[in-house]
Amino acid sequence: MAGDSIDHAFAGNDLTGAAGDPTYAGALSFMRRRFTKAVEATDVTVWGVPFDAAVSNRPGARFGPQALRRASAIFDNDPQYPFHRDLFETMRVVDYGDCRLDYRLPETAHAAIQTEAASLLAKTGFLLTLGGDHSITFPLLQAHVARHGKLSLVQFDAHQDTWPVAAGHDGAPRVDHGSFVKVAMEAELIDPATSIQIGIRTHAPEDCGIDILYGEAVEDMTSAAIAERIYERTRGAKAYLTFDIDCLDAAFAPGTGTPVAGGPSSAKMLAVLHHLRKLPIVGADVVEVSPPYDHGDVTAIAGATVAMYVLGILAEQHAG
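Throughout what follows, the structure given in this document is the object of discussion. (Residues numbered from 1 in each chain as written. Predicted model: local features only at pLDDT ≥ 70, side-chain atom pairs only at ≥ 80, totals over all residues. Heavy atoms only, no water.)

**Things to note about the pairing of strand 2 (residues 44–49)**
Both faces of the sheet carry side chains from a regular strand, because those side chains alternate between them. Short version of the rule: When a residue's accessible area, from a 1.4 Å probe over protein chains only, is under 20% of the maximum for its type it is buried; when over 50% it is exposed; and in between it is partly exposed. In this description a helix means any DSSP run of H or I spanning at least four residues, a strand means any run of E spanning at least two, and both kinds are numbered starting from the N terminus. We treat two strands as partners when DSSP finds at least two bridges between them. By convention a crossover is right-handed if, when the strands point away from the viewer, the path from the first strand over the helix to the second runs clockwise.
Among the six residues that make up strand 2, six are buried, leaving the element largely enclosed by the rest of the structure. Along strand 2, one buried face is formed by Val44, Val46 and Gly48 and the opposite face, lined by Thr45, Trp47 and Val49, is buried too. Bridge count for strand 2 against strand 3 (residues 93–98) is five bridges, and the pairing is parallel. Bridging from a neighbouring strand, threonine 45 pairs with valine 94 of strand 3. Following the backbone out of strand 2, through helix 2 (residues 64–71) and into the adjacent parallel strand 3, one traces a crossover that is right-handed. Note that strand 2 and strand 4 (residues 127–131) share five bridges and pair parallel. Bridge assignment links valine 49 to a residue of strand 4, and that residue is glycine 131.

**Here's the deal with the sheet that holds strand 2**
The condition that has to hold: Contacts are residue-level and defined by heavy atoms, with any inter-residue pair within 4.5 Å sufficient. An axis is simply a line fitted to the C-alpha atoms; with a helix, the fit covers only the stretch in contact. Between two such axes, the angle follows the N-to-C directions and lies from 0 to 180 degrees.
The nine strands are arranged 1-3-2-4-9-8-5-6-7 in an open sheet whose pairing can be described as parallel. A single partner strand is all that each edge strand has here, and the edge strands are strand 1 (34–35) and strand 7 (211–214). The strands touched by helix 3 (residues 109–121) within the sheet are strand 2, strand 3 and strand 4, with strand 2 carrying the most contacts at an inclination of about 170°.

**Here we look at the pattern of salt bridges**
Rules: Definition used for salt bridges: Asp or Glu carboxyl oxygen within 4 Å of a side-chain nitrogen of Lys or Arg.
Tallying each qualifying case throughout the model produces ten salt bridges. For arginine 69, the salt bridge goes to aspartate 98, with nearest N and O atoms at 2.9 Å. One end of the pair, arginine 69, is in helix 2; the other, aspartate 98, is in strand 3, and 29 residues separate them in sequence. Judged by relative accessible area, arginine 69 falls into the buried class, the value being 6%. Note that aspartate 297 and arginine 70 form a salt bridge whose closest N and O atoms lie 3.2 Å from each other.

Take it as geometry only, folks, not as evidence of what the structure does.
Printed below as a string of structure tokens:
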């Protein structure tokens with residue numbers, strides 16, 4: 001145990017260093033990071049976006065941020081596997097809490113997400129978002145591109161999310177969790193020539209020029225080979241990493257809105273992430289965890305571990 005305190009999310013004296021809360025008790029911030037709205041000069045800010053009004057199948061991802069925080073308590077503050085380090089020894093990471101959204105006016109959610117994300121990115125080094133359905137990646141991309149310029153998209157998913165876009169009531173593109181990539185392409189937020197989708201197990205009308213590693217290819221490749229394909233495609237460009245939990249086979253992620261059989265294991269995709277330690281990611285999200293359809297927190301644990309691996313990548317890059 002790293003210390004003898006409890007409720008480190010409120011009582012911790014420093015933004016660095018592991019907590020000492022028992023796994024079964026204490027305030028449930030993500031990995032026990034300090035809950036604070038003061039994110040100035042932090043290396044990473046974790047926040048939740050509890051929105052699922054743009055799903056085409058099963059809802060429930062609005063409860064994803066809560067579930068991911070709860071599941072993250074299993075990281076008991078030892079050096080995190082497989083990074084062999086306390087991720088927070090020198091990296092200043094906080095939990096900002098959740099984006100405030102008006103559930104009566106879901107059509108205002110994306111603008112609110114973009115505005116708050118932009119505000120956070122002006123103060124913190126990196127924004128790690130816990131979703132929420134996959135439509136939230138669109139306003140997150142808008143905020144990140146405003147700061148970094150056009151980005152490469154590294155998308156772990158069972159779906160391409162490039163379905164045709166209809167006009168909304170105001171004439172603007174209608175963004176849902178199955179169309180956000182196409183809208184982002186048309187808005188020139190992402191560069192298709194350096195973007196890649198991993199784990200795709202469905203067909204959409206078009207690929208928008210993005211490289212695709214289908215499920216069967218992922219099954220036949222090693223994790224190192226998959227990572228090498230990602231490096232080759234992104235070619236050193238700044239990247240946004242989005243991980244839809246339905247990238248995993250339904251056996252490893254039953255708690256999601258649109259599960260698809262025939263996908264990779266959590267072990268394989270986590271190994272891919274570990275191989276991406278040199279990928280220049282400037283933002284990331286974990287989305288589509290729907291606790292009402294989960295069993296024994298299987299999906300939440302997988303999603304929380306993906307988010308931890310993102311922090312692990314950043315910790316290694318931070319340490320040089």
